[in-house]
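Chain and residue survey
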Amino acid sequence: MITQYDKYMPEASHAGKIANYQDYQADTKPASEKIPFGAALQLTADGESVSTVKTGGKPVGIALASEVHDWINNEDDQHYKQFNPVAVVRKGTIWVRVGEDVIAGEEANVNPEDGRFYAADTATVNTIKFPTAVFKTKAKLGGLAQLQINLP
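Residues numbered from 1 in each chain as written. Predicted model: local features only at pLDDT ≥ 70, side-chain atom pairs only at ≥ 80, totals over all residues. Heavy atoms only, no water.

**Section: the side chain of T52**
Inspection of the secondary structure puts T52 in strand 4 (residues 50-52). Residue T52 is classed as buried on the basis of its relative accessible area, which comes to 18%. A polar atom in the side chain of T52 sits 2.7 Å from the side chain of E33. Among the polar contacts made by the side chain of T52, one reaches the side chain of K54 at a distance of 2.8 Å. If we skip the residues at most four places from it in the chain, T52 touches E33, I35, P36, A39, A40, L41 and Q42. (Helix = DSSP H or I, 4+ residues; strand = E, 2+ residues; numbered from the N terminus. Buried < 20%, exposed > 50% of the residue type's maximum accessible area, 1.4 Å probe, protein only. Polar contact = N/O pair within 3.5 Å; in protein donor to acceptor, adjacent residues only side chain to side chain. Contact = heavy atoms within 4.5 Å.)

**A few points about the nonpolar core**
Counting residues in hydrophobic clusters, the biggest one holds 35 residues, and the most contacted among them are I35, V86, F117, F130, F135 and L147. Only strand 3 (40-43), strand 5 (61-63), strand 7 (85-97), strand 8 (107-110), strand 9 (117-119), strand 10 (128-135) and strand 11 (144-150) provide two or more residues apiece to this core. Considering each element in turn, this core owes the most residues, six residues, to strand 7. Apart from the residues lying within four places of it in its own chain, the contact partners of V86 are D27, T28, K29, P30, A31, I35, L41, V50, A63 and Y80. (Core = buried A, V, L, I, M, F, W, Y, C linked by side-chain atoms within 4.5 Å.)

**What to know about the packing of aromatic side chains**
A complete count under the given rule lists two aromatic pairs for this structure. Ring geometry for F37 versus Y80: centroids 5.2 Å apart, planes at 80 degrees, classification edge-to-face. Highlighted residues: F37 in the loop between strand 2 (35-36) and strand 3 and Y80 in strand 6 (residues 79-80), separated in sequence by 43 residues. When its relative accessible area of 6% is taken as the criterion, Y80 is described as buried. Summarising the aromatic geometry, the rings of F117 and F130 are spaced 6.0 Å apart at their centres and angled 50 degrees between planes, so their arrangement reads as tilted. Taken together, the residues span a long stretch of sequence, with F117 in strand 9 and F130 in strand 10 at a distance of 13 residues. With respect to class, F117 is no different from F130; both count as buried. (Phe/Tyr/Trp six-rings, centres within 6.5 Å; stacked < 30°, edge-to-face > 60°.)

Below is the structure:
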């Protein structure tokens, strides 16, 4: 059992990072808008591109963080720009930002208004069920948690 995660893999610095060395699967779709790393995504009406999940939307994955942050210039680079290709993680364990305290084993919902993830059993009416999503770690409000997903 691994008890010292940073010995093998850097600790989470922001949402959208792969959380472990297990296999993951991702598709590539163009961004129809600016998409933050770690955001829940849905297909657009034409099915050809992705956007952040909207009210009534159907999550199809999470935006994989693909760039290293420029700390020297403090660049605004923690997102995909509109029309750029987005790595859409469909299967695997990824770090996400939570909107409340969560514990391992809880199913997850996502709130389209703030983009954060919530426990399905305590989530507000504004959240959308994220199919097959289960928290693998606990986290406090505003923190990062590992979320395992397994979408087709």
